[in-house]
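Given next are the chains, with one letter for each unit.
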Amino acid sequence: MEKKVTIVIPNYNGKRFLDDCLSSLERQTSKDFETLVIDNASQDDSVSYIREHYPWVKIAVMRHNLGFSGGVNVGIGMCTTPYVLLLNNDTRSFPKMVEELIKTMESADDIFSVSCKMIQFHDHEKMDDAGDLYTCLGWAFQRGVGQPVGDYREPAEVFSVCAGAAMYRRELFAKVGLFDELHFAYLEDLDLGYRAKIQGYRNVYCPTAKVYHVGSGTSGSKYNSFKVKLSARNSVYVNYKNMPLPQLILNAPTLAAGYFVKWCFFMKIGFGKDYVDGLKEGISTRKKCKKVFFRGRDIRNYWQIQKELWENTVTYIIELAKRKL
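Since the model is a prediction, treat every value here as computed from it, not as a measurement.

Conventions we followed
Residues numbered from 1 in each chain as written. Predicted model: local features only at pLDDT ≥ 70, side-chain atom pairs only at ≥ 80, totals over all residues. Heavy atoms only, no water. Helix = DSSP H or I, 4+ residues; strand = E, 2+ residues; numbered from the N terminus. Polar contact = N/O pair within 3.5 Å; in protein donor to acceptor, adjacent residues only side chain to side chain. Contact = heavy atoms within 4.5 Å. Phe/Tyr/Trp six-rings, centres within 6.5 Å; stacked < 30°, edge-to-face > 60°. Buried < 20%, exposed > 50% of the residue type's maximum accessible area, 1.4 Å probe, protein only. 1 Å grid on protein atoms, 1.4 Å probe; cavity = no way out; pocket = protein on both sides within 12 Å on 5 of 7 lines; lining within 4 Å. Points joined across faces, edges and corners; volume = space filled by probe spheres on them. Nonpolar A, V, L, I, M, F, W, Y, C, P; charged D, E, K, R; others polar.

1. A closer look at the side chain of N251
Okay, so step 1: In this structure, N251 sits in helix α8 (residues 245-268).
Okay, so step 2: Within the structure, N251 has its side chain in polar contact with the backbone oxygen of Q247 (distance 2.9 Å).
Okay, so step 3: With residues up to four places along the chain from it excluded, the contact list for N251 reads C136, M243, Q306, L309 and W310.

Printed below as a string of C-alpha cells:
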C-alpha cells in the first residue's frame, strides 16, 4: 500500500546531524511515510553512513550541490505520495510530528502547506519558529523566535511555512510551481508560500507537530557573507516576482526604508558590503525570475496579502519589543 507522505531531507555535509534526525523518524507514531535523502554532493561520508546505519532510507546522490531549492525540487519530483514533508537534517522530530501534520493537512482542501512548531535545539525553553511572516518593509521573520516555548499553542494562518519542517500538498505544486532554483537557498520557502497565497491557498501553523531545530546547520552561522548576500539578492527576487507594479509602487517607501535599516544593521556587524552586493545582484538579475502572471480574479487575494504585510509589520515590532525586554 502506498504511503501518504514522503519525507524529503536535503543534506550537504550534515553527517553530524543525521543520527538525531533519522532516529527520531524511527520513533514516529505514524508509519505512513517513506524517507528520501537528497545528498547535495557531500564530502563527509554522509551517504555511506546512511546506507550502513539507516538502510530503510532512500538516497538520491547529486553530482554537485544544487542548493536547497534544487535539491528539494529533485526530491519532490521523485515523490508519488499525496503529501511531501520537507525536513532539515539538523532537526529532531517529536514522535507525533508526522501524525499531526497529516491530520492538519486533511482538515481542509485549500491548505497548501503546514508548518511545524520549531523549538531551539540548544534551549528547549525557547521557540525557533511558529511559521514565517512577511512585512511591508521587505523583511521576513520567524514568528515567535526567542519567545517561551509554552506560547504559540493555537493553530494559525501564517504568510508562509518554514521549509525546514513543513508538509506540502504535492498535487498543488503543479499549480503553484516548485521552489525557485534561482534562489539556491534562503527565502525560497517565503517565495513559494507567497505564490500559493496569490492563488488563494492557505499556509498554516500546527502547534502539535513539533521538532527541535539547530538552525543554520549547513551554512554554519546566523550571519556570514554567503548567507547575507544571498538573502539580500533573494529579497529583491521575492518582491519583483510576486508584486504587480501598483503594489510595488504602493510599498516602495516602506521597502526602501527596510533596505536602508538592514544596510545600517549589516554595516554595524561587518557585512554591509555583502548586503549591498546582494541587492545589486538581485536588481541586475531580477528579469531572470519568472514573474507571477497577474490575473484579475486574484485581486482580492492581492488585497488580503497587502493587509497582511501591514499587519505583520506591527506584529514584528511587537515581537521585537518582547525579545528586547
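Let's pick the thread back up.
2. Structural notes on the packing of aromatic side chains
Okay, so step 1: Under the criterion given, the structure shown has 21 aromatic pairs.
Okay, so step 2: An angle of 65 degrees between the planes, with centres 5.0 Å apart, marks the rings of F141 and Y316 as edge-to-face. Taken together, the positions of F141 in strand β9 (residues 140-142) and Y316 in helix α10 (residues 299-324) put the pair 175 residues apart, joining distant regions of the chain. Accessibility classification places F141 together with Y316 in one group, the buried group.
Okay, so step 3: Aromatic pair F260 and W263: ring centres 6.0 Å apart, planes at 35 degrees, arrangement tilted. On the criterion of helical spacing, the pair formed by F260 and W263 is a turn pair, its members being three residues apart in helix α8.
Okay, so step 4: Classification of W263 as partly exposed rests on a relative accessible area of 32%.
Okay, so step 5: Through a chain of ring-to-ring contacts, three or more aromatic side chains come together here, namely F68, F112, Y168, F173 and F179.

3. Observations concerning the layout of surface pockets
Okay, so step 1: Taken as a whole, the second largest pocket encloses approximately 350 Å³ of empty space.
Okay, so step 2: Around the second largest pocket, the lining is made up of 15 residues, and of these K175, V176, R195, K290 and V292 lie nearest the centre.
Okay, so step 3: When contributions to the lining of the second largest pocket are tallied by element, the ones reaching two or more residues are α5 (173-176) and α6 (188-198).
Okay, so step 4: Looking at the lining of the second largest pocket, its residues break down into five nonpolar, two polar and eight charged.

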